Amino acid sequence: MNSSSIFLLNHPKILNFTWTQPQTVASSPHFLSLTILSYLSLTFLLSHYSFSLPANILKPITALHNFTLLLLSLIMAVGCTLSIIFHHPPLPFHHIVCFPHNTPPTGPLFFWAYIFYLSKILEFVDTLLIILTNSIQRLTFLHVYHHATVVVMCYLWLQTSQSLFPIALVTNASVHVIMYYYYLLCAMGIRPKWKRLVTDCQIVQFVFSFVVSGLMLHYHFTTTGCSGISGWCFNAVFNASLLALFVDFHGKSYAKAKKVK
């Protein structure tokens, strides 16, 4: 194991992390509410004004933003995967699918859930960059709904010690590595031909989450119960709505592409 892997596994701040309200930064319900309301309000106001930044200024900013989120997504995917493998023997798969009832939100897995939660707030910049490029047609309901609601989902991961979130974190962060790599290439003036792959991966991710959720429910009803079922219920409804919206987006987008061809 190299030094970077050891750092992602055994740094004291990772090993000793605890989600505690209100001591942990950004952990209060007021912060969550204010953050989402600010995002929605600013998005609504800014989208009704026609302004943009020159391309020679905006492109480097966009490229830096996409590279930052690409790198952060990769670190989270690797860090959470290593934590699953090395910190939860001897039955890691059972443990990450179904946390024991009343599991406290402490340790490496919850550290990466916390970083993931903060990263979703950083992703609000995606919306600002769309507005600054004066590409309001890209500012869809799916985009705004996803960015606003996913923050609530990640908050509940931590607040309810939700079972199954490690798998969701690794799969979502992995998909985001692909997605932000695509956006990074676009910002650098390269137009990859595999744009459809990004949407396909997101749809596969949601379908996979429902399959694994079935296993979690099996453990929940056949054992002493899994932690964070209330958070999982919100997560399931949110994922179902996103799947429906992504499938609709996928169908409309690529139907138009076929007509153009």
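Residues numbered from 1 in each chain as written. Predicted model: local features only at pLDDT ≥ 70, side-chain atom pairs only at ≥ 80, totals over all residues. Heavy atoms only, no water.

- As annotated in an unreviewed UniProt entry, the protein carries the name Elongation of fatty acids protein 3-like and is attributed to Melia azedarach.

1. Describing helix H10 (residues 195-222)
(1) Moving on: A rise of 1.5 Å per residue sets the reference length of H10, with its 28 residues, at 40 Å; its end C-alpha atoms lie 42 Å apart and thus fit the reference within 8%.
(2) Moving on: Along H10, the positions that sit buried rather than exposed are Val198, Thr199, Cys201, Gln202, Ile203, Gln205, Phe206, Ser209, Val212, Ser213, Met216 and Tyr219. (Helix = DSSP H or I, 4+ residues; strand = E, 2+ residues; numbered from the N terminus. Expected span 1.5 Å × (residues − 1). Buried < 20%, exposed > 50% of the residue type's maximum accessible area, 1.4 Å probe, protein only.)

2. Thoughts on the packing of helix H4 (residues 55-87) against helix H6 (residues 108-122)
(1) Moving on: Contact geometry of H4 with H6 gives a least axis separation of 9 Å together with a crossing angle of 165°. Overall, the two elements H4 and H6 adopt an arrangement that is roughly antiparallel. For H4 against H6, the interelement crossing comes out left-handed. Residues His65, Thr68, Leu69, Leu72, Ile75, Met76, Gly79, Cys80, Ser83, Ile84 and His87 of H4 touch H6, and the partners they reach there are Pro108, Leu109, Trp112, Ile115, Phe116, Ser119 and Leu122.
(2) Moving on: Broken down by class, the residue content of the contact of H4 with H6 amounts to 12 nonpolar, 6 polar and no charged. (Axes fitted to C-alpha atoms, helices over the stretch in contact; angles between N-to-C directions. Parallel < 35°, antiparallel > 145°, perpendicular 65-115°, else oblique. Left-handed = near helix turned anticlockwise from the far one by under 90°. Contact = heavy atoms within 4.5 Å. Nonpolar A, V, L, I, M, F, W, Y, C, P; charged D, E, K, R; others polar.)

3. Brief notes about the environment of Ile136
(1) Moving on: In this structure, Ile136 sits in the loop between helix H7 (124-132) and helix H8 (141-159).
(2) Moving on: Between the alpha carbons of Ile136 and Ser50 there is a distance of 9.1 Å; along the sequence they are 86 residues apart.
(3) Moving on: Contacts of Ile136, omitting those with residues within four sequence positions, involve Ser47 and Ile131.

4. So, the layout of surface pockets
Summary: where empty space remains is shown by rolling a probe the size of a single water molecule over the atoms.
(1) Moving on: For the second largest pocket, the calculated volume is near 200 Å³.
(2) Moving on: If you go around the second largest pocket, the residues you meet are Thr35, Ser38, Tyr39, Leu42, Thr43, Leu46, Ile121, Phe124, Val125, Thr127, Leu128 and Ile131.
(3) Moving on: When contributions to the lining of the second largest pocket are tallied by element, the ones reaching two or more residues are helix H3 (29-46) and H7.
(4) Moving on: Here the lining of the second largest pocket takes 6 residues from H3, the largest share from any one element.
(5) Moving on: The class makeup of the residues in the lining of the second largest pocket is 8 nonpolar, 4 polar and no charged. (1 Å grid on protein atoms, 1.4 Å probe; cavity = no way out; pocket = protein on both sides within 12 Å on 5 of 7 lines; lining within 4 Å. Points joined across faces, edges and corners; volume = space filled by probe spheres on them.)

5. Looking at the pattern of salt bridges
(1) Moving on: Counted by the stated rule, this structure contains 1 salt bridge.
(2) Moving on: Between Glu123 and Lys120 there is a salt bridge, with its nearest N and O atoms 3.1 Å apart.
(3) Moving on: Classification of Glu123 as buried rests on a relative accessible area of 3%. (Salt bridge = Lys/Arg side-chain N within 4 Å of Asp/Glu carboxyl O.)

6. What about empty space enclosed by the protein?
(1) Moving on: Tallied over the full model, the rule gives 2 cavities of 30 Å³ or more.
(2) Moving on: Counted as a void, the largest cavity has a volume near 290 Å³.
(3) Moving on: Considering the residues around the largest cavity, the lining is formed by 26 residues, among which Ala168, Gln205, Ser209, Asn235 and Asn239 are closest to the centre.
(4) Moving on: Looking at the lining of the largest cavity, the elements that each hand over two or more residues are H6, H8, helix H9 (165-187), H10 and helix H11 (229-260).
(5) Moving on: In terms of residue count, the dominant contributor to the lining of the largest cavity is H10 (7 residues).
(6) Moving on: Considering only enclosed or pocket space, the second largest cavity measures out at about 50 Å³ in volume.

7. A look at a nonpolar patch on the surface
(1) Moving on: Where nonpolar side chains cluster on the molecular surface, the patch consists of Phe67, Leu71, Leu74, Ile75 and Val78 and spans about 390 Å² of accessible area.
(2) Moving on: Phe67 sits in the partly exposed class, given a relative accessible area of 43%. (Patch = residues over 30% accessible without salt bridge, like charges linked within 9 Å, V, L, I, M, F, W, Y side chains within 5 Å. Areas by Shrake-Rupley, 256 points an atom, 1.4 Å probe, with all protein chains shown as cover.)

8. Considering H3
(1) Moving on: A rise of 1.5 Å per residue sets the reference length of H3, with its 18 residues, at 26 Å; its end C-alpha atoms lie 26 Å apart and thus fit the reference within 8%.
(2) Moving on: Among all positions of H3, only Leu32, Thr35, Ile36, Tyr39 and Thr43 are buried. Angularly, the buried residues of H3 cover 90° about the axis, an arc narrow enough to put them on a single face. For H3, exposure combined with an orientation more than 90 degrees from the buried face picks out His30, Leu34, Leu37, Leu42 and Phe44.
(3) Moving on: On its buried face, H3 sits against H6, H7 and H8. (Arc of directions from axis to C-beta.)

9. Some words on the packing of aromatic side chains
(1) Moving on: All told, the structure shown has 20 aromatic pairs when counted by the stated rule.
(2) Moving on: Between the aromatic rings of Phe234 and Phe238, the centroid separation amounts to 6.4 Å while the plane-to-plane angle is 25°, which identifies the pairing as stacked. A residue pair is termed a helical-turn pair when its members lie 3 or 4 positions apart in one helix, as Phe234 and Phe238 do in helix H11 at 4 residues.
(3) Moving on: Of the residues examined, Phe238 reaches a relative accessible area of 3% and is grouped as buried.
(4) Moving on: By way of ring pairs, the aromatic residues Phe17, Trp19, Phe111, Trp112, Tyr114, Tyr117 and Tyr155 are connected into one cluster. (Phe/Tyr/Trp six-rings, centres within 6.5 Å; stacked < 30°, edge-to-face > 60°.)

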